[in-house]
Amino acid sequence: MSSPSAVATPAWLTYPLVDGFIHDWLTAGPLALPVHDLDKFTGADYKLQIARSRYRTTSEVEETPLERAAFSPSGAETPLTWRVYPCQDDHFVDFSRFHHTCHHLISWAFCRVDSRRAQTVSALLTTNAPADLWINNNHVKRVEHLSHQLPATSALSFDLAAGENTILVRFEGIAVRECPYVMALKVEGDDLTVALPTTIEPAKRRERMELLMDQSYLDRDVITLNEEITLYVPEGQTLATRLTARLQRPDGRTYSEHDTKAEQRQKIVLGKGYQFPEGHYRVVLLPDLNDYYVNNFRVDRAYDLYIVGNRDYSTGRYGTYQERRAEALRDAAGRKVNVFAEIAKMELGWWDLVDHKPILNTIDMVNSRADCSDFYLVGLLGMVGRYIEDPGFPQDLVEPLKACFLNFRYWMDEPGSDAMCFWSENHQILFHTCEVLAGQLLPEETFTNANITGEEHRIKGERMALSWLRKRAAGGFREWDSNTYFEEDVLALSHLADLAEDDDVREMATVVLDKLFLSLAMNSFKGVFGSTHGRTYTPYIKGGYLEPTSGMGRMLWGKGIFNDRILGTVSLACAVSYLLPPVIEAIALDPSAEIWNRERHAGQMEQWCDLAEGAWEVNKVTYKTPDYMLASAQDYQPGQPGYQQHIWQATMSPEAMVFVTHPPCISEDGSHRPNFWHGNVVLPRAAQWKDALIAVHKLPADDWLGFTHAYFPTYAFDEYTIRDGWAFARVGDGYLAITASQGIELMQRGKNALRELRSYGHKNIWLVQMGRTAQDGSFEAFQSDVMSNHVTFDGLNVEMETLRGETLSFGWTGPLRVDGIETAITGFDHYDNPYSRTPLNAEMMEIGFQDLVVRLKFS
């Protein structure tokens, strides 16, 4: 039932259509309903079965929605609220989210469309999942497609009366882990406008306030130690009333507040990073508080950010490993993020400070078989394996832990239906690690889910773990250089290397861990894992401060920052029998003027994987100097659909990195894979020759956004300029130049204002040239030399002269030519760099630097 506030004559906000799309809606939801009977739905179309089983024949909207009115559809434990939703440049109502257990999502979007005459209009309804459309309270369309990542579009037509018409869309989602969840409606008619009913008056003042808020922005996502928290407002904008800006936690706790006193200004400063505890915040912009609370002028906008607080970032080695290990454990123990903070306390012997609640909550999560249960079950198993005999271990946890271990589903072939992900590379080894450790702890017990003993579990886990380990030892990681999932790999590998009773498992886990840390060492710059990545997420490529690998790098060789991604760091710190080979630490600290690294990682997907595509391969290069690093994946599946692959990146500092992607939407939510910054809708064709890179993009004719774009964080540069079609940046003695064949524009508004170079065009070529003072002189000289060099674009082909006097030729097809000579960009050795020359699938790898050597045996 609908329960709007009683308002005799609501005010109406009016908006134009934008590119034919309804761009402003009243929305309610999402209503998230758990699916407890997941076992009933089987087969590839199980999500559609769920949607059909829960179909609602009516919209349940019985009265005209009104902004801020309550709406109570069936199943809602608390009423939903109708809210104005202004779409972004992608025209989506975007409610994407992640659920660790299966949920059925339902949302509603309403507007009034005014038409000067009666007409039949064509329309395009775009959603990820089933949706229903009502026009003037008449049901006119239901779509039942399921399109998990990129949404699908259905064509339809309907009649509009002269004057006022109501449009209501109810759109659904079936969330099992990541859930992209969008809706857009494009209407092709004449003389149409949109109106939304509101209780907030006066409407015209409201519209002016919305415009100001939409144009305001933060110039960075992460605030470090001495940086100011600054909200920028449009130049010359003033309102008759005051503005208030607040720094708040997501739960609403306010840490800072500023009143503009109606002064004309271009920015509002709310403090510096060191003044506030580390964590997620938002800057909330709203009217004068008297207007907001007393006069009920409830208009606001929130701008998300993360504050590092008083934690420092290290760009050079310091202390000993044991000192940094202790520092890492103390840092993790002081965080209230997950059960690994309690494990850190146990390792430190801080038994009086161990909080039982996070441990019990983790047990509940694992018992519910929520996605990522395997991450935390590894931690619980390691905790019991290491500390249960300690006098300080809480005895009231013993039985709940034992029951948790005995009832878990350790692999996909066991009974049960749930949201746990088994198939991805990192989840595979985590589940195998769980099975090995659980079997070791309880060898004679019967595990109830599979009805086998712990000993049988251990044998199965060891067999599957060894298979996984040997493949990564011989060919590397399919999720190559993942600054996200290397953390989960380290979580598993460190437990096996330290706790596995089988010699083969323990030794092979150690070898693969060494190899993983070699990749991290060779492909990092000043603590940033600035490599190309097989999988990543937006927060971890827009800067080095939040990278899940950063704490491990800081502990191992002193570069990086300890942050709230503590699973890998704590697990490694607790694995006291693992010692990093000194040669790998030395490689991480190598100050050489030039390091040219080429790698090939390849293998076969597991036969049981339902996403198996046979052989996989990536060829990647990294060029590193003391002033910058440039890395890329060469010719990696160009033209194929992308996911979370990060094809290339230039890294100049922990905050200054540049890369280009092809986005499907404006959202940066991690459930979109790809999203605005991580991944690509269609993978480009890239080639790199040391300090120069070419990336060719070929977008489909029906591409949703029609542009590629570069992350170009102007705030992070010591200097930058845009001239003659090039964007130039300097950080210290390092230089970067970037251009695109279709031109570039520095965006001045939106969430990424002054951090995005946008280039429209379905056929586009991006060029990057790096430089440094030692080679190229002053920054001005670098710019002049780049612009004077020969560059010729010809469709999807380019010829460019580099600063080193070489001519590169490359395109969508054909080889990379350097001075006319074909140069290989694929088919590399497994490793080819100053430290190791190792062929793919070798039985042994020798790593050497200075007078240090280690040999890793893979057989």
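Residues numbered from 1 in each chain as written. Predicted model: local features only at pLDDT ≥ 70, side-chain atom pairs only at ≥ 80, totals over all residues. Heavy atoms only, no water.

Chemist: Looking at this structure, how should I read the packing of helix H4 (residues 321-333) against helix H13 (residues 550-557)?
Modeler: Helix-helix packing is described using two parameters, namely the angle between the two axes and the distance between the axes. Axis separation between H4 and H13 bottoms out at 7 Å; the angle between their running directions is 150 degrees. Residues Tyr 321, Arg 324, Arg 325, Glu 327 and Ala 328 of H4 lie in contact with H13, whose contacting residues are Arg 554, Met 555, Leu 556 and Trp 557. Residue classes in the contact of H4 with H13 are distributed as five nonpolar, no polar and four charged. (Axes fitted to C-alpha atoms, helices over the stretch in contact; angles between N-to-C directions. Helix = DSSP H or I, 4+ residues; strand = E, 2+ residues; numbered from the N terminus. Contact = heavy atoms within 4.5 Å. Nonpolar A, V, L, I, M, F, W, Y, C, P; charged D, E, K, R; others polar.)

Chemist: Explain the side chain of Glu 414 here, please?
Modeler: In this fold, Glu 414 is placed in the loop between helix H8 (398-407) and helix H9 (425-441). Despite its burial, Glu 414 pairs with no opposite charge; the closest candidate is Lys 460, at 4.5 Å N-O. Residues contacting Glu 414, with those up to four places away along its chain left out, are Phe 408, Arg 409, Glu 435, Asn 449, Ala 450, His 457 and Lys 460. (Buried < 20%, exposed > 50% of the residue type's maximum accessible area, 1.4 Å probe, protein only. Lys, Arg positive; Asp, Glu negative; His and termini not counted. Salt bridge = Lys/Arg side-chain N within 4 Å of Asp/Glu carboxyl O.)

Chemist: So what exactly am I meant to see when it comes to helix H11 (residues 485-499) here?
Modeler: Two residues of an α-helix separated by three or four positions point the same way, owing to the 3.6 residues in each turn. Compared with an ideal rise of 1.5 Å per residue, which puts 15 residues at 21 Å, H11 spans 21 Å between its outermost C-alpha atoms and is within 8% of the ideal. Among the 15 residues of H11, 15 are classified as buried, and the element is accordingly described as predominantly covered. (Expected span 1.5 Å × (residues − 1).)

Chemist: Is there a simple way to think about the nonpolar core in this case?
Modeler: Taken as a class, soluble globular proteins show a tendency for nonpolar side chains to be buried jointly. Counting residues in each nonpolar core, the largest one holds 102 residues, and the members touching the most others are Phe 405 and Phe 517. Broken down by element, the residue count for this core peaks at 12 residues, all from helix H12 (residues 503-522). Counting 73 residues, the second largest nonpolar core, distinct from the first, contains Ala 695, Leu 767, Met 770 and Leu 796. (Core = buried A, V, L, I, M, F, W, Y, C linked by side-chain atoms within 4.5 Å.)

Chemist: Can you help me understand the pattern of salt bridges in this one?
Modeler: Side-chain pairs of opposite charge can arise whenever the charged atoms involved come near each other. One pass over the structure, following the stated rule, counts 63 salt bridges. A salt bridge links Arg 142 to Glu 144, with the shortest nitrogen-to-oxygen separation between them at 3.2 Å. Residue classification places Glu 144 among the partly exposed residues on the basis of a relative accessible area of 29%. Each of the salt bridges in this network shares a partner with another, and the network as a whole consists of Arg 52, Asp 132, Arg 142, Glu 144, Arg 170 and Glu 172.

Chemist: Please explain H12 as it appears in this structure.
Modeler: Here H12 spans 29 Å end to end across 20 residues, near enough to the 28 Å set by a 1.5 Å rise per residue. For H12, a buried count of 15 out of 20 residues is recorded, marking the element as mostly surrounded by other parts of the structure. Residue Asp 502 occupies the N-cap position of H12, its side-chain oxygen lying 3.0 Å from the main-chain nitrogen of Asp 504. (Polar contact = N/O pair within 3.5 Å; in protein donor to acceptor, adjacent residues only side chain to side chain.)

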